[in-house]
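Working through the structure, step by step
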Amino acid sequence: MTDHRLRKIVIVGGGTAGWMTAAALGRFLKDGRTQVTLVESEEIGTIGVGESTIPQINIFNRMLGLDENEFVRRTMATFKLAIDFVDWKQIGHRYYHPFGPYGLDMEGVSFHAYWLRLQAMGEAADLTEYSLQALASAQSKFMRANGQRNSPLGTLSHAYHIDAALYARMLRDYAEARAVRRQEGRIVEVHQRAEDGFVEAVTLESGQRVEGDLFIDCSGFRGLLIEQTLKTGFEDWSHWLLNDRAVAVPCELGGSRQPVTRATARPAGWQWRIPLQHRLGNGYAFSSAHISEDEATADLLANLDGAPLRDPFILRFTAGRRKKSWNKNVVAIGLSAGFMEPLESQSIHLIQVGIARLLAMFPDRRFLSPDIDRYNRTMQFEYETIRDFLILHFHATRRNDTPYWDYLREMPIPDYLAEKIAVFQSYGRVFRENEELFTDTSWFAVMVGQGLEPRGHDPMADVMPDDELRAGMDNIHAVIAKAADVMPDHMRFIADNCAAI
Ligand SMILES: Cc1cc2nc3c(=O)[nH]c(=O)nc-3n(C[C@H](O)[C@H](O)[C@H](O)COP(=O)(O)OP(=O)(O)OC[C@H]3O[C@@H](n4cnc5c(N)ncnc54)[C@H](O)[C@@H]3O)c2cc1C
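The notes below deal with the structure included here. Throughout, a residue's number is its position along its own chain's written sequence, starting from 1. With the structure being a predicted model, the display of local features is reserved for residues of pLDDT at least 70 and the display and counting of side-chain atom pairs for 80 or more, all residues being used for whole-chain, interface and lining totals. Side-chain numbers here rest on the full set of heavy atoms in the structure, without hydrogens or water.

**Looking at the packing of helix α9 (residues 347-360) against helix α10 (residues 369-395)**
Interaxial distance between α9 and α10 falls to 10 Å at its minimum, and their mutual angle equals 160°. On the basis of their axis angle, the class for α9 and α10 is roughly antiparallel. At the point where α9 passes α10, the crossing takes the right-handed sense. Mapping the contact onto sequence places His349, Leu350, Val353, Gly354, Arg357 and Leu358 in α9 and Tyr375, Thr378, Met379, Glu382, Tyr383 and Ile386 in α10. Amino acids are sorted into nonpolar (Ala, Val, Leu, Ile, Met, Phe, Trp, Tyr, Cys and Pro), charged (Asp, Glu, Lys and Arg) and polar (every other residue, Gly among them). For the contact of α9 with α10, the residue count by class is seven nonpolar, three polar and two charged. Between the N-to-C directions of two axes lies an angle of 0 to 180 degrees, each axis being a line fitted to C-alpha atoms and, for a helix, fitted only over the stretch in contact. Helix and strand assignments follow DSSP, with helices taken as H or I runs no shorter than four residues and strands as E runs no shorter than two, numbered in order from the N terminus. Note that the term roughly parallel is reserved for angles under 35 degrees, roughly antiparallel for angles over 145, roughly perpendicular for angles of 65 to 115, and oblique for everything else. Left-handed describes a crossing whose near helix is turned anticlockwise from the far helix by less than a right angle; the clockwise case is right-handed. Should any heavy atoms of two residues lie within 4.5 Å, those residues are considered in contact.

**Remarks on the sheet that holds strand β20 (residues 330-332)**
The pairing criterion for strands is at least two bridges between them, as found by DSSP. Read from one edge to the other, the open sheet built from six strands follows the order β7-β2-β1-β11-β20-β19, with strand pairing classed as mixed. The open sheet is flanked by β7 (181-184) and β19 (326-327), the only strands paired with a single partner. Sheet topology note: the strand β2 (residues 35-40)/β7 ladder contains four bridges and is parallel. Residue pairing in the sheet places Thr37 in a bridge with Arg181 of β7.

**Some details on the pattern of salt bridges**
Criterion for a salt bridge: a side-chain nitrogen of Lys or Arg within 4 Å of a carboxyl oxygen of Asp or Glu. Inspection of every chain in the model, using the stated rule, returns 41 salt bridges. Of the charged contacts in the structure, one is a salt bridge between Asp173 and Arg169, with a shortest N-O distance of 2.9 Å. Remark: Arg169 and Asp173 occur in helix α6 (residues 164-176); sequence separation between them is four residues, near one turn of the helix. Across the pair Arg366 and Asp364 runs a salt bridge whose closest N-O atoms are separated by 2.8 Å. We call a residue buried when its accessible area falls under 20% of the maximum for its residue type, exposed when it is over 50%, and partly exposed in between, using a 1.4 Å probe and counting protein chains only. Residue classification places Arg366 among the partly exposed positions, given a relative accessible area of 45%. It is possible to trace a salt-bridge network through shared partners that takes in Glu40, Glu42, Arg182 and Glu184.

**Quick notes on the packing of helix α1 (residues 16-28) against helix α2 (residues 57-64)**
At a minimum axis distance of 10 Å, the contact between α1 and α2 shows a crossing angle of 40°. Taken together, the axes of α1 and α2 lie oblique to each other. For the pair α1 and α2, the crossing hand works out as left-handed. Here Met20, Ala23, Ala24, Arg27 and Phe28 of α1 lie close against α2, whose contacting residues are Phe60, Met63 and Leu64. Residue composition of the contact of α1 with α2, by class: seven nonpolar, no polar and one charged.

**Observations regarding α2**
Every buried residue belonging to α2 is among Ile57, Asn58, Phe60, Asn61 and Leu64, and all of these are buried. For α2, the arc enclosing every buried residue in end-on projection is 160°, short of the 170-degree limit, so these residues lie on one face. Residues of α2 that are exposed and angled more than 90 degrees away from the buried face: Ile59 and Arg62. As for α2, its buried residues are in contact with α1, α3 (68-74), β6 (159-161), α6 and α9. Note that the arc is computed from the directions linking the helix axis to the C-beta atoms.

Here it is in structure tokens:
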């Protein structure tokens, strides 16, 4: 029988995407018959942002067998239970998008429906009070799920704020310990096979040639192989996601260190604030058609909670995705595959999905196309459903204070999002399509938070008598308040378990 197995895999790029991919391949290709080489250039460097994560990163870290406390210490991490959205619906308004459910479904009817009914009766508390993650965020509390049954403390899910460069460093150690070879050097030439255009080698500035059967393009926005070489094409979504620049700057610690990423809407974009153990990460993602780089930089510097630790730096991007993530024998993972907006911290997750799907559709040297087509369709679905969730935040707003928000409020939106909004606006229902990343809770949190108002609630919620509804909702409210009471302070928890400094 012919042996079609891959003999050599080359990962191009050593940012978060490159080292996550290298770590995963090191973990699974442990028979040593496939050599994995990662090429990176210190001179080019990495993007240097990407600090806020979502709970799915735990799946990846567990798959590698990383110890959580060590991960937190080595990446100077803090915990994250929610995103704190400030001034999005309108100036002066605030809501949380928590990493966990609201309340409890009762009698087969969603909590959301009961909350909308109670709200219509004028008796509902703010949504924050019915979510342990949201309430703990507001109170600056944190603990890990304790496995307790019948308590929201049993299933608390969390993510992190990390120093992405330190995470890449940790994964590099992990990968190199599992036979991944690191090759320093700038790639100056890419060689394709004459007969089918497959990439067969790259040449470094030093003249060294690195050959491979499969190439994983983790070269960042430039898409060295997937775009510059294979001309795969890019789907531009910047008419929906206007932000095409970000100015970023770390600063000294100051202000609160709640377990949240704060996203504050600004006149021509939004500002992030990410607490780490040793500093705050900050940035202003903005639309260059609505504010200049200098103005955005000045605006950011005027709104920091501590002294800047370096000069601000500008990042330029276009929202969209590569038409195919996998083309011939090149798989694009990370920014080379696409980038939308940092708003919901989903980019590292998309790296993880790209890796997981690659492992699920792992090729041999025949590169059979049905599996490649399948890979591309699933990645397209991931990107598009996340894109629509992002657009929701910008479109469903009452802000009318600048041309930026006026455009976003009035613009035509994708059909999938339009349907989600229409369904919500009728009976307040939310639905999750197949395995899309964001859950019903996420869609509900943001739809309510951004000020969408349904015409009514699920009629099934009317089956429960008023008194029973009040008692059930009061009980949920009380259980959540009690659970938050027993949680320790966020920074106290870190000091006791995983302090880096
Ligand atoms: C403003 C902004 C904010 C973000 N915030 C978040 C966030 O909060 N959460 C999140 O999950 N994600 C975030 N992201 C995305 C996140 O930063 C990226 O997904 C992540 O850093 C992965 O980047 P990468 O590894 O694909 O690319 P890069 O970090 O750009 O790495 C590219 C690598 O390729 C190498 N390379 C390139 N060309 C060559 C060459 N010719 N020869 C050799 N090597 C080469 C470089 O040296 C480098 O090692 C953000 C992105 C932006 C733009």
